[in-house]
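One letter stands for each residue in the lines below.
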Amino acid sequence: MPSSPRTDSAPSGSPLVEARLRGVAANPGAPSGVLLRLLAPSARPAWPTLCEGRALPAEVVEAVLAHPDRAVRGAFARNRYVPPEQRGRLVDDPDALVRARLAGGPRPRFGTVEALPPDVLETLMTARDGEHPDGLLTAAEIASELDFSQQIPHEFHRRMLHHPNPGLRAKAAGQWLWLTAAQREALLADPEPAVAEAARRHRRHLDPAAMEADLPEQDCHARNLLLINYAVSPAVAQRCLTDGRDLSSLARNPHTPREFLTRLARDPDPDVRERVAARADADPALLAELARDPVAAVRTRALLHPLPRTRPEQRAIDRIIGLPAERVGPVGEMFVEPEPGWYEACASSPEPVLRRVAATCSRLPRDVVQRLAEDPDEDVRHILAYNHPLAPPAIVLDAFLATPGQRPYLLTLARLPRTGLGPLLDHEDPEVRALAAADTGLAGPPVRELTDPDPRVRRAAAANPLLPLDLLERLLSSPPLLSGPPLPDGSPPASIPAPVSADPALVEGAAANPALSAERLHALLDGSGLPTGGSRPVDTDR
């Protein structure tokens, strides 16, 4: 540590103090004693970073779970960096908003989400109003958050059909469109009246007359949902064709009466014809006709997927065709997946679209992954980088450079290279420069990047442990101290001007620097006005 005096104090609530608190909260080297102090009410600006934005030691997890402020517990409920078993302990939290945030899942929501434990899922899915004193949100509203959170694995959905809890068996009826005839009959014959009633209610989905009765006349989400997924009566199909309305939805619906498909296949709208060409139940003669369509997209869809087809295969193609890799991103599991052998066959296809489909499969063997990693189609390589745990680091970095929209997700992947990035320090994109500025294997400390015009780069550079401690102290001081020995590159201390040194991005980054000792981190909290909580904890892990 330098001998110059430190002046860490700053007005409480000032941007610099808040930046300092956020930095300490993010510091990967901060021991439990430091992090526990950040749970004080005066450290509220650091709570999102501390409770939602990082992994936490066991001692801190216990303190977070027992914290009296729901903002702390609610932030932890959305933490994507802790095991779902830890978040799941909030399932019986007395505050409905905390339970809703647990049910809603980690934020931001990108990529795949780890499933909550089965007992937690069961509790959330079968909760009833009145079980908790807080009635701000209903149990159904919280369960609805869970339904869209991606935290329920399809295997759990399948087990619900035979679960001893009748509430879960009743919910299993919601999968009616994907159930076999035997599974539907079992639910209809369930000895629990609520289960049988749920099955009868969902049976309407495959009853054309019921669908016709339920179909709203006005354009809305409910109308579109029914016309895409549920049984269609001849009268409804005829009315749509007569009015020239909802034909694309009708062409997608697997239950559209077959006698209407020929008319849809000859509709003037190429999107409607393409939908027919994609169907898993396409008639061979009609498919041959569509393979000669004047519109290339229709021909492609007719020829791309040879007969016989399955609906899972069709859906696997549907979710990537016509989209660049950046919009495909990481894909979730489907309720019914194609056979792995089909994906492997797609990986050997001369059609780039099918190789892109193959790249979405996280179960491909290593040799197939290696072949796709060298594919001449960059979308194949990028989709593989998003979706396969064996994707080589080089193509993950390439995806990071080429697809800015997926960078927040890619930054969560351990296989994204964090070293060897020196050549990227001069990249035109500040997000790329920030990644490079954090490289702990650089030839020298990223001093120049402390004056980068973008605050993300400045923060990343200030958090790099390659920076000398003397420079860190100058960045952390308030007001900034510009005196000191020359920097490692030989430039004088005054080359870091005062306005930049006082910038919150630099203060936050410097406070997050793992080179700081536990004693220094405590001193930063002291200067920020945080209570010690009695005698200062002994930090034995530093």
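See the structure above.
Residue indices begin from 1 for each chain and proceed along its sequence in written order. Thresholds applied to this predicted model are a pLDDT of at least 70 for local features of residues and 80 or more for the giving and counting of side-chain atom pairs; totals over whole chains, interfaces and linings are not thresholded and use all residues. Side-chain metrics in this entry use all non-hydrogen atoms of the structure; hydrogen atoms and water are not considered.

A look at the packing of aromatic side chains
The relation between two aromatic rings is expressed through the spacing of the ring centres and the mutual angle of the planes.
No. 1: The rule is short: rings of Phe, Tyr and Trp, with Trp giving its six-membered ring, pair when the centres are within 6.5 Å, and they are stacked under 30 degrees, edge-to-face over 60, tilted in between. Scanning the entire structure with this criterion turns up two aromatic pairs.
No. 2: Sitting over a ring, as applied to charges here, requires NZ of Lys or CZ of Arg to be within 6 Å of the ring centre and within 35 degrees of the ring normal. We note Arg158 situated over the ring of Phe335; from NZ or CZ to the ring centre the distance is 5.6 Å.
No. 3: Positioned above the aromatic ring of Trp178, the side-chain terminus of Arg311 is 4.7 Å from the ring centre.

Section: the pattern of salt bridges
No. 1: Here, a salt bridge means any Lys or Arg side-chain nitrogen found within 4 Å of an Asp or Glu carboxyl oxygen. The final tally for this structure, using the stated rule, is 33 salt bridges.
No. 2: Its salt-bridge partner being Asp526, residue Arg37 comes within 2.7 Å of it at the nearest N-O pair. Here Asp526 lies in helix 35 (residues 518-527) and Arg37 lies in helix 2 (residues 32-37), a separation of 489 residues in the sequence.
No. 3: In this structure Arg37 comes out as buried when scored by relative accessible area, which is 4%.
No. 4: Of the charged contacts, one joins Arg459 and Glu508 as a salt bridge, the two residues approaching to 3.1 Å between their closest N and O atoms. Of this pair, Arg459 sits in helix 31 (residues 455-462) while Glu508 sits in helix 34 (residues 504-511), placing them 49 residues apart in sequence.
No. 5: Whether a residue is buried, partly exposed or exposed follows from its accessible area with a 1.4 Å probe, protein chains only, as a fraction of its type maximum: under 20%, in between, or over 50%, in that order. The buried category is assigned to Glu508, whose relative accessible area is 15%.
No. 6: Several salt bridges share partner residues, and in doing so they unite Glu217, Asp219, Arg223, Arg245 and Asp246 into one network. Numbering of helices and strands runs from the N terminus, with a helix taken as a DSSP run of H or I at least four residues long and a strand as a DSSP run of E at least two residues long.

Examining helix 16 (residues 234-243)
No. 1: Every buried residue of helix 16 is accounted for by Val236, Ala237, Cys240 and Leu241. Looking straight down helix 16, one finds that the buried residues subtend no more than 130 degrees of arc, so they occupy a single side. Exposed residues on helix 16 whose side chains face more than 90 degrees from its buried face are Thr242 and Asp243.
No. 2: In this structure, the buried residues of helix 16 make contact with helix 14 (208-214), helix 15 (221-229), helix 17 (247-252) and helix 18 (261-265). Note that the arc is computed from the directions linking the helix axis to the C-beta atoms. Any two residues whose heavy atoms approach within 4.5 Å are treated as being in contact.

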